[in-house]
Structures are given as C-alpha cells and as structure tokens.
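Chain and residue survey
Chain by chain, the residues:
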Amino acid sequence: RNHHRYYYLSSSGVAILYRKHHQCSITGSFKERTEGEYRSEEDYSTYYFRERTAISTTIRPRMALLLETNLGGDLVIDLDIEGSPALCKNILKLAKIRYYTGSLLYNVHANRFCQGGDPTGTGKGGACIFGVIDSEVNDETTSKKRFLKSTSGRRLSSAESRERGRVVAMELPQTKDTIGSQFLITLGQGRAGDGMDGYLLAGEEQESTAPLSLGVVTEDDDNVLDKIERSYCDPDGRPYADVRIVRMLVLHDPFPDPPGLMDYLKERVPDMLIEGDKQVMASPDRSKPPQESVPERIPANELEEDKEETEQETRQRHEKEARQEDHQRAVVLELLGDLPSAEIKAPEHVLFVCKLNAVTQDEDLELIFSRFDQNCKVEI
C-alpha cells in the first residue's frame with residue numbers, strides 16, 4: 001500500500017526500482033509470482049531479487065525508512081549512516097521488528113518539532129534494540145542494555161538544528177546516556193531548534209547539548225509535516241486527535257542483525273514470513289502498542305470522514321492522480337532508455353508512441369491499422 005511511488009512490477013515479470021530524488025533502476029527476469037503470495041509489507045525487491053534468474057543493476061542504495069502515518073501520507077527518511085552509524089542501526093532494527101507500529105506522535109510544537117517513538121506515549125518509555133531483544137528480562141525498561149550512550153552519534157550544527165525535516169535521536173529529559181527508541185522531527189524553518197533545550201542535556205559546552213543526528217526527511221509528497229504542525233494540541237503538546245505511525249518500513253538496511261533478534265521474533269511473533277534462509281516479520285494487526293499508557297483519543301484519519309467530496313473535487317483528484325501516474329511511467333521509460341527525457345512531449349497530432357520489435361515493417365502495421373481506416377499510412 002502506497003508503495004507504487006517506489007516499486008513497479010510489470011506483467012512481463014520485469015521488476016523496476018525507482019527512487020524519485022535519487023534515480024536508479026534494477027531490471028531482471030524473475031520467476032512468476034503474484035503479489036498476493038506475500039504476507040509482509042517489506043519492500044518487494046527483497047523477494048523478487050532473491051528469485052532472479054538473470055539480473056543487471058545500476059544502483060547506489062540509500063539507507064532509508066518509509067514512515068506511514070494515519071494522516072493519509074508517508075515520509076521517507078534518509079539516515080545519517082556516516083555520521084551516526086550506531087543510532088541508524090538502532091532505528092533500522094527497531095523498524096525491522098515493527099516496534100513503532102501504531103505508536104503515537106505525542107508531543108507537537110507548531111513551527112518547531114514533533115516527538116515520537118515511545119510506545120507508552122508518555123515520553124518516558126522506549127528502549128534501544130539491544131534492550132528490546134534482551135532475553136534476560138521480560139520488561140525492556142528493566143534491561144541493563146536499555147539505552148545507548150549520548151556519544152553514539154554526530155551532533156547537528158547550529159544551522160542544521162534549525163532546518164525543517166531534521167530527524168534527531170532523543171534522550172530522556174535531562175538524563176545523560178538514555179538514547180532508546182524516541183526521535184524528534186523538526187517542523188519549522190529557522191526556528192526549528194527553538195524549544196528543544198528541555199529535551200536535551202544541560203551542559204557547559206553548547207556542542208555537547210546539540211541534537212544527535214539520525215537523518216533528514218527527503219520525501220513528503222503528501223505534506224505530512226504540515227498536517228502534523230496544524231494539529232490542535234492540549235497544553236502538554238499532545239494532539240487532541242491521535243496522530244499515529246501506521247508502520248515504519250526499512251527501504252535498505254546495510255547492517256547485520258544483532259545476536260538474539262531472530263530468537264526474539266520467533267518467540268514473540270507467530271506470524272512470520274519465511275523466505276529461503278531469511279525470516280521477515282509481518283506488520284502486527286494492532287491499533288496501538290500494548291505498552292501505551294495514555295488515554296486513547298479519536299484517530300486523526302477519522303476527522304474528515306463526514307466531509308463529502310464534491311463531483312468537481314473528485315474529478316480534479318482523478319486528473320491529478322492520472323498526471324502523476326503518467327509522469328512516473330515516463331520517468332521509468334527514461335531510466336530504461338526508451339525515452340530521451342521524461343519531460344519530452346509528442347506533437348499534438350500524434351496519438352501514441354511505442355517501441356517496436358526490430359523486425360516490424362511498415363506493411364505489418366498498415367495491415368493491422370487498415371482494419372479501422374483503409375487509407376491509413378504507416379512510417380517507421
């Protein structure tokens with residue numbers, strides 16, 4: 001769902017991976033398999049490419065996450081692997097075990113930031129991947145491995161902390177070395193870092209209190225950050241309508257799994273997707289995490305249910321979707337070399353453009369089209 005922007009599978013069995021801002025393509029021939037056979041929302045390339053019989057690639061992978069929300073849109077987050085490898089590995093593995101599924105964005109400050117990643121919804125819970133999979137305890141909050149140290153990543157510069165869309169690893173308020181699962185996304189431009197002092201460590205040097213870099217939001221086609229920023233909130237910053245992470249999916253993970261991760265999945269997740277020698281977790285069917293301890297409110301996606309779409313709005317929406325789909329197909333053809341540019345337009349009198357088999361002759365097409373017009377002429 002919502003993955004059509006990133007992955008395509010043609011009827012001929014050719015898979016194409018397309019990333020809008022970092023264009024790359026993967027093509028190859030694969031064993032026939034229908035989408036319905038997959039029970040997990042992991043990216044399709046994981047399975048299609050494993051079954052390849054022939055493949056040619058031109059790709060520079062991005063370490064990224066796809067964050068789906070109940071606001072009718074997604075965010076793509078490019079991770080700061082070079083600056084904060086330990087922090088990025090932590091959030092990638094938490095996303096892999098579906099730790100964030102159904103969790104709240106529980107602290108929103110307009111033009112500044114929003115906070116999430118705590119399954120309790122209070123800002124006081126959560127744990128890093130090593131605490132979550134710790135087999136010695138039943139409660140992750142009691143694990144000696146619950147937190148990562150505050151020196152685990154790169155500190156943002158003053159200019160970076162004021163940019164919109166920066167993703168920051170969070171410590172518990174005013175407590176050193178307590179990096180777990182919580183993160184923060186800046187919403188404003190210029191003032192985004194204002195007001196974060198209460199959520200970061202107090203220290204003598206400004207450099208030691210700067211936010212820890214996790215990554216940056218690179219794709220927000222549905223204006224999710226704007227929708228979050230417009231949320232009506234109570235005095236504590238929690239939206240009156242629950243804004244939730246539907247799921248967080250891994251687009252590329254370069255890190256090996258930590259010891260105990262698969263044992264954790266086998267024990268706690270009965271519905272596993274087994275592909276060859278790998279096991280992948282399907283997204284849990286839940287509306288909120290079992291650890292959530294705050295009162296549940298009306299979901300944000302239900303606020304607009306009573307509003308009926310007018311005929312004109314429906315037509316405009318369909319036209320916009322058609323234009324977007326046409327452009328996406330054109331970009332794919334450009335990546336495959338069938339079009340010199342995705343922006344190229346055919347003359348107005350041209351009905352369609354297609355790529356022909358090399359042995360096709362003028363007479364062959366004239367014979368076909370003469371069924372509709374005896375005076376038809378064809379030139380190749």
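Treat the numbers as computed from the prediction; the structure is a model and nothing was measured.

**Some words on the side chain of Glu229**
Following the sequence through the fold, Glu229 ends up in helix H5 (residues 224–229). Given a relative accessible area of 19%, Glu229 falls into the buried group. Looking at Glu229, its side chain comes within polar contact range of the side chain of Arg164, at 3.5 Å. Apart from residues lying up to four places away in sequence, Glu229 is in contact with Ala110, Asn111, Arg164 and Leu187.

**Details of the state of the cysteines**
Using the criterion set out here, one finds zero disulfides in the structure. In this structure Cys114 is a free cysteine whose sulfur lies 10.0 Å from that of Cys233, the closest cysteine sulfur available.

**Some thoughts on empty space enclosed by the protein**
The gaps of empty space that remain are located by a probe, the size of a water molecule, rolled over the atoms. A complete count under the given rule lists two cavities of 30 Å³ or more for this structure. A volume near 60 Å³ is recorded for the largest cavity. Lining the largest cavity we find Leu87, Asn90, Ile91, Tyr100, Ala169, Ile179, Gly180, Ser181, Gln182, Phe183 and Leu214. Ranked by residue count, the leading element in the lining of the largest cavity is helix H2 (residues 85–96), at three residues. A class-by-class count of the residues in the lining of the largest cavity yields seven nonpolar, four polar and no charged.

**Here's the deal with the confidence of the model for the protein**
On average, the protein scores 77 in pLDDT, and the residues at 70 or more come to 73%. Counting contacts from residues 1–60, a segment whose pLDDT is below 50, to residues more than four positions away or on other chains yields 133 contacts. Under a pLDDT of 50 for its full length, residues 201–207 has, in the predicted model, eleven contacts with residues more than four places off or in other chains.

**Section: the nonpolar core**
Ile97, Phe183 and Ile228 are the most contacted members of the largest nonpolar core, which has 46 residues in total. Of all the elements, H2 adds the most residues to this core, at six residues.

**Details of the pattern of salt bridges**
Applying the stated criterion to the full structure yields 17 salt bridges. Of the charged contacts in the structure, one is a salt bridge between Asp242 and Arg238, with a shortest N-O distance of 2.8 Å. Here Asp242 falls in the buried class, since its relative accessible area comes to 2%. We classify Arg238 as buried; its relative accessible area is 8%.

**Topic: the pairing of strand S9 (residues 166–169)**
Residues Arg166 and Val168 line one face of S9 and the alternating positions Val167 and Ala169 line the opposite face, and both faces are buried. As judged from the four bridges shared by S9 and strand S11 (residues 212–219), these two strands associate in the antiparallel manner. Bridged to Val167 within S11 is Gly215. As defined by bridge partners, S9 adjoins strand S10 (residues 183–186) across three bridges and the pair is classed as antiparallel. Paired with Ala169 across the two strands is Phe183, which belongs to S10.

**Some details on the packing of aromatic side chains**
Taken as a whole, this structure holds two aromatic pairs when the rule is applied. Residues Tyr99 and Tyr100 carry aromatic rings whose centres are separated by 5.8 Å and whose planes lie at 85° to one another, so their mutual orientation is edge-to-face. Tyr100 shares its class with Tyr99; the two are buried. Note on Tyr100 and Phe183: the rings are 5.7 Å apart at their centroids and 75° apart in plane angle, and the pair reads as edge-to-face. Residue Tyr100 is located in the loop between H2 and strand S7 (105–109), and its partner Phe183 is located in strand S10; the two are separated by 83 residues in the primary sequence. Note on Tyr100: relative accessible area 2%, which makes it buried.

**Side note on the sheet that holds strand S8 (residues 113–116)**
The antiparallel open sheet is built from eight strands, whose spatial order is S7-S8-S10-S9-S11-S6-S5-S12. The two strands at the open ends of the sheet, each matched to only one other strand, are S7 and strand S12 (245–250). The average undirected angle you get between the axes of adjacent strands in this sheet is 25°.

**Quick look at unusual backbone geometry**
Residues other than glycine seldom take positive phi values, yet Arg98 does so here, at roughly 60°. Mapped onto the elements of the fold, Arg98 is located in the loop between H2 and S7. A relative accessible area of 2% places Arg98 in the buried class. The phi torsion at Asn223 lies on the positive side, around 55°, for a residue other than glycine. Positionally, Asn223 belongs in the loop between S11 and H5.

**Description of the pairing of strand S6 (residues 74–79)**
Taking burial as the measure, the six residues of S6 include six buried ones, the bulk of the element. Residue alternation in S6 divides its side chains into two sets, Asp74, Val76 and Asp78 and Leu75, Ile77 and Leu79, and both sets are buried. Relative to S6, strand S5 (residues 64–69) runs antiparallel, the two being bridged by five bridges. Looking at S6, one finds that Ala64 is bridged to Asp78. Direction of pairing for S6 relative to S11: antiparallel, over a ladder of four bridges. In the strand pairing of S11, Leu79 is matched with Gly215.

What counts as what
Residues numbered from 1 in each chain as written. Predicted model: local features only at pLDDT ≥ 70, side-chain atom pairs only at ≥ 80, totals over all residues. Heavy atoms only, no water. Helix = DSSP H or I, 4+ residues; strand = E, 2+ residues; numbered from the N terminus. Buried < 20%, exposed > 50% of the residue type's maximum accessible area, 1.4 Å probe, protein only. Polar contact = N/O pair within 3.5 Å; in protein donor to acceptor, adjacent residues only side chain to side chain. Contact = heavy atoms within 4.5 Å. Disulfide = S-S within 2.5 Å. 1 Å grid on protein atoms, 1.4 Å probe; cavity = no way out; pocket = protein on both sides within 12 Å on 5 of 7 lines; lining within 4 Å. Points joined across faces, edges and corners; volume = space filled by probe spheres on them. Nonpolar A, V, L, I, M, F, W, Y, C, P; charged D, E, K, R; others polar. pLDDT = per-residue confidence, 0-100. Core = buried A, V, L, I, M, F, W, Y, C linked by side-chain atoms within 4.5 Å. Salt bridge = Lys/Arg side-chain N within 4 Å of Asp/Glu carboxyl O. Pairing = 2+ DSSP bridges. Phe/Tyr/Trp six-rings, centres within 6.5 Å; stacked < 30°, edge-to-face > 60°. Axes fitted to C-alpha atoms, helices over the stretch in contact; angles between N-to-C directions.

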